[in-house]
Amino acid sequence: MLSSFKGSASAALLVVSILIPGCRHSKDNPIDLPDAQGIYSDIKYLDSLMQSPQTDSISTASLKIEALLGTYNNRNQTPDEQAILDSINRIYSLTSGFLRYCVDSRSNLELLKQDVSATEIQYKSGKIKAEYFINALVESEQTLVDINNRFDIDRSKVLDALRRFGQLQIMLTSQSAAQPF
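Keep in mind that this is a model prediction, so the values were computed, not measured.

(A) Here's a closer look at the overall build of the protein chain. Helix and strand counts for the protein chain stand at five helices and zero strands. When its helices and strands are written in sequence order, the protein chain yields α-α-α-α-α. Counting every position in the protein chain, which comprises 181 residues, the buried fraction comes to 36%. Residue pairs at least 24 apart in sequence account for 86% of intrachain contacts in the protein chain once pairs closer than 6 positions are excluded.

So this is what it looks like as structure tokens:
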């Protein structure tokens, strides 16, 4: 699916430059164009990633981090505790940013779906030329690749950070237990 067109933008432009000269729309000789249905399928796939059980788990972990930070918010901390809390705060920012990206991406995917649909309707009704339609589909595919790549990179960073959070939480608990109240 999405991995089938994970090429660079220059490769996409090369494909377009090869396809465009052969795209002379006539009633006698219909042509094969990039499949908008494939784009819809990729949009659906990415949307499912944005609301997958793994993303839900990241959201749950983010809520736990937020609660932990809240419990230490108004307490006096030692320098070691403060250093640990600063690290945990950075992890919280990373997870929150990732979750915001997922929400924003889902909205962007819906808009992309609407744009592809509108472009497809315009092409089928003859309001736009094949070259424009092909370019629009190639741009949509590249947008999907970009969204997928960023999602994969950010998710990987968040998962690594959450592994560190577990260690930091243990360190924080042991620091707090050693402190007299």
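That was the structure; now back to the text.
(B) The pattern of salt bridges, seen in detail. Tallied over the entire structure, the rule returns five salt bridges. Two residues, Asp160 and Arg163, come together in a salt bridge whose shortest N-O distance is 2.5 Å. With a gap of three residues between them, Asp160 and Arg163 both fall in helix 5 (residues 130–178), about one helical turn apart.

(C) Region of the structure containing the packing of helix 2 (residues 36–50) against helix 4 (residues 79–124). Helix 4 packs onto helix 2 with a crossing angle of 165° between their chain directions and a minimal axis gap of 10 Å. One way to sum up the angle between helix 2 and helix 4 is to call them roughly antiparallel. As for the relative orientation of helix 2 and helix 4, their crossing is left-handed in sense. Contacts from Ala36, Gln37, Ile39, Tyr40, Ile43, Leu46, Asp47 and Met50 of helix 2 reach helix 4 at Tyr101, Cys102, Ser105, Arg106, Leu109, Leu112, Lys113, Val116, Ser117 and Glu120. Looking at the contact of helix 2 with helix 4, its residues break down into 11 nonpolar, three polar and four charged.

(D) Summary view of the environment of Asn108. The topology assignment puts Asn108 in helix 4. In the structure, Asn108 is positioned 61 residues away from Asp47 in sequence and 9.9 Å away in space, judged by C-alpha atoms.

(E) Examining the packing of aromatic side chains more closely. In this structure the tally under the stated criterion is two aromatic pairs. Taking 5.4 Å as the distance between ring centres and 40° as the angle between the ring planes, the aromatic pair formed by Phe98 and Phe151 counts as tilted. On the criterion of sequence distance, the pair formed by Phe98 in helix 4 and Phe151 in helix 5 is long-range, its members being 53 residues apart. Judged by its relative accessible area of 0%, Phe151 is buried. For the pair Tyr123 and Phe133, a centre-to-centre distance of 4.6 Å together with 10° between the ring planes defines the contact as stacked. Of this pair, Tyr123 sits in helix 4 while Phe133 sits in helix 5; the two residues are 10 residues apart in sequence, bridging distant segments of the chain. Of the two residues, Tyr123 and Phe133, neither departs from the other in class, the shared state being buried.

Cut-off values and rules
- Residues numbered from 1 in each chain as written.
- Predicted model: local features only at pLDDT ≥ 70, side-chain atom pairs only at ≥ 80, totals over all residues.
- Heavy atoms only, no water.
- Helix = DSSP H or I, 4+ residues; strand = E, 2+ residues; numbered from the N terminus.
- Buried < 20%, exposed > 50% of the residue type's maximum accessible area, 1.4 Å probe, protein only.
- Contact = heavy atoms within 4.5 Å.
- Salt bridge = Lys/Arg side-chain N within 4 Å of Asp/Glu carboxyl O.
- Axes fitted to C-alpha atoms, helices over the stretch in contact; angles between N-to-C directions.
- Parallel < 35°, antiparallel > 145°, perpendicular 65-115°, else oblique.
- Left-handed = near helix turned anticlockwise from the far one by under 90°.
- Nonpolar A, V, L, I, M, F, W, Y, C, P; charged D, E, K, R; others polar.
- Phe/Tyr/Trp six-rings, centres within 6.5 Å; stacked < 30°, edge-to-face > 60°.

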